Amino acid sequence: MALIAFAQTMLSAMGDTRKVVRFYPTELIIPTFQQKFMDGVLELEDGTLTNIEFQTGDLDENFLLRCAQYATNLRVISGRYVETKILSTGLRINSEKIAIISKNFHFAPELFFYSEFDGLEKLINIKNKIKNKEKLSASDHYDLIFIPLMGNVDGEEVAVEVFEIVNNQKVFNKHEQILIKKCQYVVADIIADGDRNLFKKFMEKIYMLTMLSGYLEEREDELFEFVRKEAEDDGMKKGMENIARNMKSKSYPYSEISDITGLTIEEIEKL
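On a predicted model such as this, the values are computed, not experimentally measured, just so you know.

1. What about the pairing of strand 5 (residues 99-102)?
Sheet topology places strand 5 next to strand 6 (residues 105-107); 3 bridges connect them, and they run antiparallel. Across the sheet, the residue bridging to Ala99 is Phe107, located in strand 6. Linking two consecutive strands that pair antiparallel, namely strand 5 and strand 6, is a turn of 2 residues.

Right, dumping it as structure tokens:
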């Protein structure tokens, strides 16, 4: 759920109006969420398959060649057009941008280096808006997700700050909080980079004031396993239905379940 929300936000932030439909499972690529978010293939509403890769540090030729092989194999298996988007925490100047397969065959994925944005400037702008009681824009919401990956900031330190900002119920309604926090969950995993203690610290900040906190803490592994298994079989909806059943058993409000799973109130009532 979090990766799909994050991917949708990335597309919107890039000006891409297409909607993410579901994960696209194949024998080659299955998204998995056991210990760390892995790369996943998403199906967009126009039928295109988009592979989003997260890379810590600069991009080298071997990494791009693996991405090219990934895309080619998926194109053969699926028969669909395949796009590759790479989100890097490295520097463009130190990175390879194109993998040359042959004289006439170049692999040139879309590259996004968030270090090129001034995270501190964007954070100060948001804090000033809040102080002056100005309404935050959609772009500000995107920035609250991506600032920890930007330049001119300490990723760990600023992550805690932006996570706490979104807990402000005077600035964000519940729906906005849930949508942003789903994406911040992915950012927390990227910044933590395998450090489970740091990841737990981030989680405490992200879900400090939301009902989702207890549910994720108690059922995190099971929740992600549901999503993974159902994505392999019938796409995401069945996984969301299983999550909704478990949340119903804990007496969560239907409106909360709907926000988290994307199911309608009527669909939840029938489960």
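2. Here's the deal with helix 5 (residues 155-165)
Among the residues making up helix 5, those that are buried are Gly155, Val158, Ala159, Val160, Val162, Phe163 and Ile165. The inward-facing, buried residues of helix 5 contact helix 3 (119-131), helix 4 (138-146), helix 6 (174-192) and helix 7 (196-206). In this structure Asp154 caps helix 5, since a side-chain oxygen of it lies 3.1 Å from the backbone nitrogen of Glu156.

3. Let's talk about the pairing of strand 4 (residues 82-88)
Burial analysis of strand 4 places 5 of its 7 residues in the buried class, the great majority of the element. Handedness of the crossover joining strand 3 (residues 49-55) and strand 4 through helix 2 (residues 61-78) is recorded here as right-handed. Two strands pair when backbone bridges link them, and strand 4 and strand 7 (residues 110-113) are joined in this way by 4 bridges, in the parallel orientation. Paired with Ser88 across the bridge in strand 7 is Phe113.

4. Brief notes about the pattern of salt bridges
By the definition in use, this model includes 12 salt bridges. Glu43 is the partner of Arg80 in a salt bridge, and the nearest nitrogen-oxygen pair spans 3.6 Å. Highlighted residues: Arg80 in the loop between helix 2 and strand 4 and Glu43 in strand 2 (residues 40-44), separated in sequence by 37 residues. According to the relative accessible area criterion, Arg80 is partly exposed, its value standing at 24%. A salt bridge links Lys129 to Asp140; the nearest nitrogen and oxygen atoms lie 2.8 Å apart. Residue Lys129 is located in helix 3, and its partner Asp140 is located in helix 4; the two are separated by 11 residues in the primary sequence. Classification of Asp140 by relative accessible area gives buried; the value is 4%. What you see here is one network of salt bridges that share partners, running through Asp16, Arg18, Asp46, Glu83, Lys85 and Glu110.

5. Some details on the confidence of the model for the protein chain
In this model, the protein chain carries an average pLDDT of 81, and 82% of its residues clear a pLDDT of 70 or more. Here helix 8 (residues 212-234) stands out as the element of the protein chain with the lowest mean pLDDT, 50, in contrast to helix 3, whose mean of 95 is the highest. This model gives residues 209-215 a pLDDT under 50, and the stretch forms 20 contacts once residues within four places in sequence are excluded.

6. Re the nonpolar core
With 48 residues, the main nonpolar core has Phe6, Phe54, Leu87, Leu144, Phe146, Leu149 and Phe202 as its most contacted residues. Those residues within four positions of Leu144 in sequence are excluded, and the remaining contacts are Ile126, Leu136, Val162, Ile165, Val166, Phe172 and Gln184. Counting 11 residues, the second largest nonpolar core, distinct from the first, contains Phe63, Ala68, Leu111 and Phe113.

7. Focus: a nonpolar patch on the surface
On the surface, Leu65, Ile101 and Phe105 cluster together into a nonpolar patch covering about 240 Å² of accessible area. Take Ile101: it is sitting in strand 5.

8. Here we look at helix 10 (residues 254-261)
Burial in helix 10 covers these residues: Glu256, Ile257, Ser258, Ile260 and Thr261. Gly262 sits one or two positions beyond helix 10 and adopts a positive phi of about 85°.

9. Quick word on the packing of aromatic side chains
Here the structure, examined in full by the defined rule, presents 4 aromatic pairs. When the centroid spacing of 5.7 Å and the interplanar angle of 35° are considered together, the rings of Tyr114 and Phe117 count as tilted. What makes Phe117 partly exposed here is its relative accessible area of 41%. Ring geometry for Tyr185 and Phe199: centres 5.6 Å apart, planes at 40°, overall tilted. Of this pair, Tyr185 sits in helix 6 while Phe199 is found in helix 7, placing the two residues 14 residues apart along the sequence.

10. Let's talk about the side chain of Asp16
Locating Asp16 in the fold gives a position in the loop between helix 1 (2-13) and strand 1 (20-23). Exposure remark for Asp16: the relative accessible area of 16% places this residue in the buried category. Among the polar contacts listed, one links the side chain of Asp16 to the side chain of Arg18, at a separation of 2.7 Å. With near-sequence residues (within four places) excluded, Asp16 lies in contact with Leu11 and Lys85.

Thresholds applied
- Residues numbered from 1 in each chain as written.
- Predicted model: local features only at pLDDT ≥ 70, side-chain atom pairs only at ≥ 80, totals over all residues.
- Heavy atoms only, no water.
- Pairing = 2+ DSSP bridges.
- Helix = DSSP H or I, 4+ residues; strand = E, 2+ residues; numbered from the N terminus.
- Buried < 20%, exposed > 50% of the residue type's maximum accessible area, 1.4 Å probe, protein only.
- Contact = heavy atoms within 4.5 Å.
- Polar contact = N/O pair within 3.5 Å; in protein donor to acceptor, adjacent residues only side chain to side chain.
- Right-handed = clockwise from strand over helix to strand, strands pointing away.
- Salt bridge = Lys/Arg side-chain N within 4 Å of Asp/Glu carboxyl O.
- pLDDT = per-residue confidence, 0-100.
- Core = buried A, V, L, I, M, F, W, Y, C linked by side-chain atoms within 4.5 Å.
- Patch = residues over 30% accessible without salt bridge, like charges linked within 9 Å, V, L, I, M, F, W, Y side chains within 5 Å.
- Areas by Shrake-Rupley, 256 points an atom, 1.4 Å probe, with all protein chains shown as cover.
- Phe/Tyr/Trp six-rings, centres within 6.5 Å; stacked < 30°, edge-to-face > 60°.

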